[in-house]
Amino acid sequence: MNEVYITRLSKFLPNEPVGNDEIEGILGMVNGKPSRARHMVLGSNKIKTRYYALDKNGNPTHTNAQLTAAAIKGLFNDTFPISQLQLLACGTSSPDQLLPNHAAMVHGLLKCQPVELVSTSGACAAGMQALKYAYMSIKCGNTSNAVCSGSERISGAMLATKFEPETENLKSLSENPILAFEKDFLRWMLSDGACAALLQDKPNENGLSLRVNWVEIASFAHELETCMYAGAVKDEHGDTKGWWDMLPEEWIQQSVFALKQDTRILAKNIVPSGARMWKQLVERYQLNIDELDYFLPHLSSEFFRPRIDEEIARLGVPIPQEKWFTNLTWVGNVGTASPYLMLEELMNTGRLKKGQQIMMMVPESARFSYAYAHLTVV
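Calculation notes
- Counting restarts for each chain, with residues numbered from 1 along the sequence as it is written.
- Residue-level local features of this predicted model are given only where pLDDT is at least 70; pairs of side-chain atoms are given and counted only at 80 or more, and the full residue set underlies all totals for whole chains, interfaces and linings.
- Only hydrogens and water are removed before side-chain values are computed, so all heavy atoms of the structure are retained for them.
- As a rule, the C-alpha atoms of each element are fitted with a line to give its axis, helices using only the stretch in contact, and angles between N-to-C directions run from 0 to 180 degrees.
- Secondary structure counts use DSSP, requiring at least four H or I residues in a row for a helix and at least two E residues in a row for a strand, with both numbered from the N terminus.
- Every angle not falling under 35 degrees, over 145, or within 65 to 115 is termed oblique; those three ranges are roughly parallel, roughly antiparallel and roughly perpendicular.
- In a left-handed crossing the near helix is turned counterclockwise from the far helix by less than a right angle, and in a right-handed crossing that turn is clockwise.
- Contacts were defined at the residue level, with two residues in contact if any of their heavy atoms lie within 4.5 Å.
- Gly is placed with the polar residues, together with every amino acid not listed as nonpolar (Ala, Val, Leu, Ile, Met, Phe, Trp, Tyr, Cys and Pro) or charged (Asp, Glu, Lys and Arg).
- Two aromatic rings, drawn from Phe, Tyr or Trp (for Trp, its six-membered ring), form a pair once their centres lie within 6.5 Å of each other, and the interplanar angle then sorts them: stacked below 30 degrees, edge-to-face above 60, tilted otherwise.
- For every residue, the accessible area obtained with a 1.4 Å probe (protein chains only) is divided by the maximum for its type, and the residue is called buried under 20%, exposed over 50%, and partly exposed between those limits.
- Here, a disulfide means two cysteine sulfur atoms that sit within 2.5 Å of each other.

Visitor: Before we move on, can you summarise the packing of helix α3 (residues 64-73) against helix α4 (residues 102-110) with the specific residues and values?
Guide: Running from N to C, α3 and α4 point in directions that differ by 60 degrees, and their axes come no closer than 9 Å. Taken together, the axis directions place α3 and α4 in an arrangement best described as oblique. In this structure, the crossing between α3 and α4 has a hand that is right-handed. Here N64, A65, Q66, T68, A69, I72 and K73 of α3 come into contact with α4, specifically with H102, M105, V106, L109 and L110. Partitioning the contact of α3 with α4 into residue classes produces seven nonpolar, four polar and one charged.

Visitor: Give a detailed account of the packing of aromatic side chains, specifying residues and quantitative values.
Guide: Inspection of every chain in the model, using the stated rule, returns ten aromatic pairs. Consider the rings of W214 and Y285, whose centres lie 4.2 Å apart with planes at 5 degrees: the pair is stacked. Pair noted here: W214 is in strand β8 (residues 210-219) and Y285 is in the loop between α9 (263-284) and β13 (294-297), with a separation of 71 residues, a long-range link. W214 sits in the buried class, given a relative accessible area of 7%. Put simply, the rings of W243, W244, W251 and F257 pair up and form one aromatic cluster.

Visitor: Break down the side chain of T326 for me, with residues and values.
Guide: Its place among the elements puts T326 in the loop between α10 (305-314) and α11 (328-331). Here T326 falls in the buried class, since its relative accessible area comes to 12%. What T326 contacts, discounting residues up to four positions off in sequence, is P297, L299, E302, R305 and M342.

Visitor: Describe the state of the cysteines, with residues and values.
Guide: Under the criterion given, the structure shown has zero disulfides. Residue C90 stays outside any disulfide, its sulfur separated by 8.9 Å from that of C148, the closest cysteine. What makes C90 buried here is its relative accessible area of 0%. On the accessibility criterion, C148 (0% relative accessible area) is buried.

Visitor: Which residues make up the packing of α9 against α10, and what values do they have?
Guide: Interhelical geometry of α9 versus α10 gives an angle of 45 degrees and a closest axis separation of 9 Å. With respect to α10, the axis of α9 lies oblique. As for how α9 packs across α10, the hand of that crossing is right-handed. Of the residues in α10, those in contact with V271, P272, A275 and W278 of α9 are R307, I308, E311 and I312. Classifying every residue of the contact of α9 with α10 by side-chain character gives six nonpolar, no polar and two charged.

So, in structure tokens, the structure goes:
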């Protein structure tokens, strides 16, 4: 089996950073009124700036495929041109369309030679699923190189105009036209961007590389109900009904395609299940936690930092806070791209040294999946 190395990382964040006081000016106000949840959610998640593929008037500036292609193009140069690329694996939770798949659209923009494609969908772990596919392809010798990516272009779904039919329907029913918290919550949590990694079967001759020791992904959907979803509605029993089985007028009246989060079960389940998996991985791989130099947890919100810290300490597998590295506050929650963006910042800002060990953790709340990756700087 071949060794696998991340040799390059490249990002693309659209337009200028957007501060907290600018959000509603770009996304708009639902029913013409400021959000009642905005200050509470932003105070909890601690995000100060984020990026939108929108101009100041809320008009789109990039598609998801364009964001991804821009990040990927930054991986190549005369030493390793795109003409040598063999595999493209793209993960996202916000593709531009149902079909063709996201990777095919990105490949179309790259305009390179024929390559193998895989497109992973879902929520935050989809970027790690793309990483694992690329890793396994090189590991088993199917390819000698691969590019994987994580990207999001979710801002278009968070525009106030997307919720106007729902609020108008509530008015006609003489109900209070306030956007449900499960939908409003995520308008202040998510942002756009893309990041990509080049994986090869040999490390860089000059400069640092990251050896991928292992990638582990597991779902807990067998015991936990749906938490984050889009294109469906959820009833009081926790069951979902998909858009295929709904009338077109229902899609509009209930903002069916809006991303929604069941916050009632989020905090209860997201931390314990992931911590339990972490303990199992420590035991399986006989990890010496003291030898870890960086812990990169994908935090959707700083709200979860002390809760993760407390739970892994309770299970006897703590990681000291001084080893944690995140960039949520100034980059935002970019879903599938966030794990890559943390790694890119570490690698491309000169913080890493040979021999250091990195642990990545990516929770996904859609129906509770978790991804972990162990890397060594070489």
